[in-house]
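Each chain is listed here by its residues.
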Amino acid sequence: MRLFPLLLLISLTTAASVAAQQNCGAPQGGVWPAGAADGGACLVGRTEAVLNEPGLRIVLPDGFRVVVAADVPRIDWSADQLSFGKDATLDVSAIPAALPKPTTPPAPGGQPSYFQPGRPGAEGGVGVNGADGRDVRIVVNKVAAGGSLWIRTDGAPGGPGGAGGPGGLAGGTRCESPSRHGANGGTGGTGGAGGRGGRTATVTIIDKSLPAGFVKKPVAGPAEGTCGPSSRPPSATGDAGIIVWGNPGCGGPGGEGGAGGPPDCSVPRRGPCHQGLFTNYFVHCGKQGATGSGGPSGAPGSLGAVVIKAP
């Protein structure tokens, strides 16, 4: 009884995702996708995301690519047989999207007492987490020998952190002896952390031709800090069998620090304090507050589990 090979690898390179143009459609004559040809491609919509037809054969020719549409949350296929030619691909990676940036907080309200610094700005919001790769569950009576099928499982990048809020207005100044300097505006808020990257898809393959009790859980991880779009691994060619290879999404960039708050320079430097031709009374205006620190980048996503087992 053949135990089909599976290799779980993590890509250290990046590549753009390939979009398929034509919908895969329904099975015809017990075969899916109908009319698939070498080097072709098709798009899995919500209808094709669930396949459960008695006697169904899933046949992917040489170089054929199956790409999952953005609105499909998961793949759940049951078939009699799964076969694939050389260099076939099932791409269940999350589709990267422009994620909204959190709204910048307003400046603190009110004003401190005389000669007091402005209040610090609020911290920026945390970015939106990236989408996870779409999970896969395939149940088959048999996986045909030969060929190579790459199941691409990338997560999407996280969104940017929000900008820190501006610092608050400094407290006012007044005539005092000896003369005093006015306070500075408040420090800008720290930028928000970027959103977490999406995890790679979980993949479960149940092969009824495997011996009872068989369970295999391949475990592998990327080099530390590795994330972003993956490209086809060199080993996913020829008759390599099923290869699961994907990267988690990168964390989003941290938000920029908020602008420093303004000083209160509303009192003229000498005017109200002038008591003669010569005077030691002056009003010294403060300075703009310091810009806040940028926020940290988000963490990369995690790795989804991969399991091959008997029923």
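Residues numbered from 1 in each chain as written. Predicted model: local features only at pLDDT ≥ 70, side-chain atom pairs only at ≥ 80, totals over all residues. Heavy atoms only, no water.

Student: Sorry, what's going on with the nonpolar core here?
Tutor: Formed by 37 residues in total, the largest nonpolar core has its most connected members in W32, V44, V66, I75, W77 and I151. Counting residues per element, this core draws most heavily on strand β7 (residues 74–84), at five residues. (Core = buried A, V, L, I, M, F, W, Y, C linked by side-chain atoms within 4.5 Å. Buried < 20%, exposed > 50% of the residue type's maximum accessible area, 1.4 Å probe, protein only. Helix = DSSP H or I, 4+ residues; strand = E, 2+ residues; numbered from the N terminus.)

Student: Help me understand unusual backbone geometry, please; the structure alone is not making it clear to me.
Tutor: Negative phi values dominate among residues other than glycine, just as trans dominates among peptide bonds. Note that the residue after W32, namely P33, is joined by a cis bond; omega there is -5°. With respect to the helices and strands, the residue P33 is situated in the loop between β2 (31–32) and β3 (41–44). Positive phi values are uncommon outside glycine, yet D87 reaches one of about 65°. The residue D87 is located in the loop between β7 and β8 (88–91) in this model. By relative accessible area, D87 is classed as partly exposed at 31%. Phi at F115 is positive, roughly 65°, even though this residue is not glycine.

Student: I'm lost on the pairing of strand β9 (residues 135–143) in this one. Help?
Tutor: Residues in a regular strand point their side chains to alternate faces of the sheet. Summarising the sheet, β7 and β9 pair through eight bridges and their orientation is parallel. Within the sheet, the bridge partner assigned to W77 lies in β9 and is I138. Relative to strand β12 (residues 203–207), β9 runs parallel, the two sharing five bridges. Residue pairing in the sheet places V136 in a bridge with V203 of β12. (Pairing = 2+ DSSP bridges.)

Student: Just checking my understanding: could you explain the pattern of salt bridges for this structure?
Tutor: Once the charged atoms of two side chains with opposite charge are near each other, the side chains can pair. In the structure shown here, the tally under the stated rule is eight salt bridges. Here D76 ties to R137 by a salt bridge, and the two come within 3.7 Å at their closest N and O atoms. Residue D76 is located in strand β7, and its partner R137 is located in strand β9; the two are separated by 61 residues in the primary sequence. We classify R137 as partly exposed; its relative accessible area is 32%. Close ionic contact of R199 with D135 constitutes a salt bridge, the shortest N to O distance being 3.0 Å. With a gap of 64 residues between them, R199 in the loop between β11 (180–181) and β12 and D135 in strand β9 connect regions that are remote in the sequence. Comparing R199 with D135, the two get one shared label, buried. (Salt bridge = Lys/Arg side-chain N within 4 Å of Asp/Glu carboxyl O.)

Student: What's the story with the pairing of β8 in this structure? I'm lost.
Tutor: Residues A88 and L90 of β8 are buried on one face, and the alternating residues T89 and D91, pointing to the opposite face, are buried as well. In this sheet, β8 lies alongside strand β6 (residues 65–68) in parallel orientation, the contact comprising three bridges. When the bridges of β8 are listed, R65 appears paired with T89. By the bridge criterion, four bridges tie β8 to strand β10 (residues 148–152) in an arrangement that is parallel. Bridged to D91 within β10 is R152.

Student: How do you make sense of the state of the cysteines when you look at a structure like this?
Tutor: The term disulfide refers to a covalent linkage connecting the sulfur atoms of a pair of cysteines. Per the stated rule, a full pass over the model turns up three disulfides. Sulfur-sulfur distance for the disulfide between C265 and C285 comes to 1.6 Å. Since a negative S-S torsion denotes a left-handed disulfide, the C265-C285 link at about -50° is left-handed. Of this pair, C265 sits in the loop between β14 (241–245) and β15 (283–284) while C285 is found in the loop between β15 and β16 (306–309), placing the two residues 20 residues apart along the sequence. For C265, a relative accessible area of 45% gives the class partly exposed. Owing to a relative accessible area of 33%, C285 belongs among the partly exposed residues under this scheme. (Disulfide = S-S within 2.5 Å.)

Taken by themselves, the reported measurements are silent on function.
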